Amino acid sequence: MIVWILLLLLVLVLFGVGFSVHLLWLVAVVLLVAWLLGFMRQGRSRGGRRSGRRRR
């Protein structure tokens, strides 16, 4: 009986870890796409300048 409970706990832990890792990959991909879109949008709106200061 104890072996079955330990096996069930091991399966639940491994399932939880697998789900968490998969979820973290999805979050990383979404953040990468958002960063790339923001990077492309920022480059067009400011005319290629990186800072808001004027050069003298």
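Definitions and cut-offs
Residues numbered from 1 in each chain as written. Predicted model: local features only at pLDDT ≥ 70, side-chain atom pairs only at ≥ 80, totals over all residues. Heavy atoms only, no water. Helix = DSSP H or I, 4+ residues; strand = E, 2+ residues; numbered from the N terminus. Buried < 20%, exposed > 50% of the residue type's maximum accessible area, 1.4 Å probe, protein only. Areas by Shrake-Rupley, 256 points an atom, 1.4 Å probe, with all protein chains shown as cover. Phe/Tyr/Trp six-rings, centres within 6.5 Å; stacked < 30°, edge-to-face > 60°. Patch = residues over 30% accessible without salt bridge, like charges linked within 9 Å, V, L, I, M, F, W, Y side chains within 5 Å. Salt bridge = Lys/Arg side-chain N within 4 Å of Asp/Glu carboxyl O.

Undergrad: Which parts of the structure should I look at to understand the overall build of the chain?
TA: Counting its secondary structure elements, the chain contains 1 helix and 0 strands. Here the chain, with 56 residues, has 0% of them falling under the buried criterion. About 6100 Å² of surface is accessible on the chain, with carbon and sulfur atoms providing 71% of the total.

Undergrad: How should the packing of aromatic side chains be read in this particular structure?
TA: For any pair of aromatic rings, geometry is given as the distance between the ring centres together with the angle between the planes. Under the definition given, this model contains 1 aromatic pair. With a centroid separation of 5.6 Å and 20 degrees between ring planes, the pair formed by Trp35 and Phe39 is classed as stacked. With Trp35 and Phe39 both in helix H1 (residues 2-45) and 4 residues apart, this pair spans about one turn of that helix. We classify Trp35 as exposed; its relative accessible area is 53%. With relative accessibility at 48%, the residue Phe39 sits in the partly exposed group.

Undergrad: Would you take a moment to explain a nonpolar patch on the surface for this structure?
TA: Taken together, Val13, Val17, Val21, Trp25, Val29, Leu32, Val33, Trp35, Leu36, Leu37, Phe39 and Met40 make up a surface patch of nonpolar side chains, about 1200 Å² in accessible area. Relative to the elements of secondary structure, Met40 occurs in helix H1.

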